[in-house]
Amino acid sequence: MNVGDELPPLEVRITRAQLVRYAGASLDFNPIHWNENFATKVGLPDVIAHGMLTMALSGRIVTDWLGDPARLVDFSTRFTRPVVVPDNDEGALVEMTGKVGALTDEGLARIDLTVKFEGKTVLGKPQALVRP
């Protein structure tokens, strides 16, 4: 593993059905994640994905690349833009890229990610620390 190594890009689709399943698993039943009428009344363009679901799915680019999820030591980000999920079978396409940004003195590698929806980043400074 070297600074500058690129991870294979990953694309995932988030559908309304996934939002329902995630709400049940996380116990986050906020209506902005399933009720279009409510979401638009509070100023959103439509139903949006749970931020933590977007974060978890973006972690897949790292764990898929590592081959062993136990090598993921830390993952952090800020939520900067929502992923709007249309009411259709295609859902919302989220695109992820990543590269090794640094090797630490502790023997870890920092992976810098870019996570986009409709060409715009949705997570701010997403980074993972991994054991090489």
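- As annotated in an unreviewed UniProt entry, the chain carries the name MaoC family dehydratase and is attributed to Amycolatopsis dendrobii.
- Turning to the chain, the UniProt annotation filed under Sequence similarities (unreviewed entry) states: "Belongs to the enoyl-CoA hydratase/isomerase family."

Focus: the pairing of strand β6 (residues 123-130)
Stage number 1. Taking burial as the measure, the eight residues of β6 include six buried ones, the bulk of the element.
Stage number 2. Pairing of strand β2 (residues 72-79) with β6, which is carried by six bridges, proceeds in the antiparallel orientation. Each residue of the ladder has a partner; that of Phe79, found in β6, is Leu123.
Stage number 3. Pairing between strand β4 (residues 109-117) and β6: four bridges, direction antiparallel. Bridge pairing links Ala109 to Val130 in β6.

As for the UniProt feature "domain: MaoC-like" (unreviewed entry) in the chain
Stage number 1. UniProt marks residues 10-92 with the feature "domain: MaoC-like" (unreviewed entry), using the numbering shown here.
Stage number 2. The distance from the first to the last C-alpha atom of residues 10-92 is 14 Å, and the span holds 40% helix and 17% strand.

Focus on unusual backbone geometry
Stage number 1. Even without glycine at this site, Glu118 takes up a positive phi of about 55°.
Stage number 2. Relative to the helices and strands, Glu118 is located in the loop between β4 and β5 (120-121).
Stage number 3. The residue Lys125 is not glycine, and still its phi comes out positive at about 50°.
Stage number 4. Looking at the secondary structure, you find Lys125 in strand β6.
Stage number 5. Residue classification places Lys125 among the exposed residues on the basis of a relative accessible area of 56%.

A word on helix α3 (residues 51-66)
Stage number 1. For α3, built from 16 residues, the straight-helix expectation of 22 Å at 1.5 Å per residue is met to within 8% by its first-to-last C-alpha distance of 23 Å.
Stage number 2. Taken as a whole, α3 carries its principal kink of about 25° at Arg60.
Stage number 3. Turning to α3, the residues buried within the fold contact β1 (10-14), α1 (16-26), β2, β3 (92-103), β4 and β6.
Stage number 4. Residue Gly67 follows α3 closely and has a positive phi angle near 80°.

What about the nonpolar core?
Stage number 1. Ranked by size, the top nonpolar core spans 32 residues in total, and within it Ile14, Val62, Val83 and Ile111 carry the most contacts.
Stage number 2. Here this core takes six residues from α3, the largest share from any one element.
Stage number 3. Aside from chain neighbours lying at most four places away, what touches Val62 is Leu7, Leu72, Ile111, Leu113, Ala128 and Val130.

Regarding the pattern of salt bridges
Stage number 1. The tally for this structure, following the rule as stated, stands at three salt bridges.
Stage number 2. Notably, a salt bridge pairs Glu36 with Arg16, separated by 3.7 Å at the nearest N-O pair. With Glu36 in helix α2 (residues 36-41) and Arg16 in helix α1, the pair connects residues that are 20 residues apart, well separated along the chain.
Stage number 3. Classification of Glu36 as partly exposed rests on a relative accessible area of 39%.
Stage number 4. A relative accessible area of 14% means that Arg16 is categorised as buried.
Stage number 5. One salt bridge in this structure joins Arg110 and Asp112, with 2.7 Å as the shortest N-O distance.

Analysis parameters
Residues numbered from 1 in each chain as written. Predicted model: local features only at pLDDT ≥ 70, side-chain atom pairs only at ≥ 80, totals over all residues. Heavy atoms only, no water. UniProt positions renumbered as here; feature names shortened; annotations may be inferred. Buried < 20%, exposed > 50% of the residue type's maximum accessible area, 1.4 Å probe, protein only. Helix = DSSP H or I, 4+ residues; strand = E, 2+ residues; numbered from the N terminus. Pairing = 2+ DSSP bridges. Expected span 1.5 Å × (residues − 1). Bend = angle between axes of the 7 residues up to and from the residue. Contact = heavy atoms within 4.5 Å. Core = buried A, V, L, I, M, F, W, Y, C linked by side-chain atoms within 4.5 Å. Salt bridge = Lys/Arg side-chain N within 4 Å of Asp/Glu carboxyl O.

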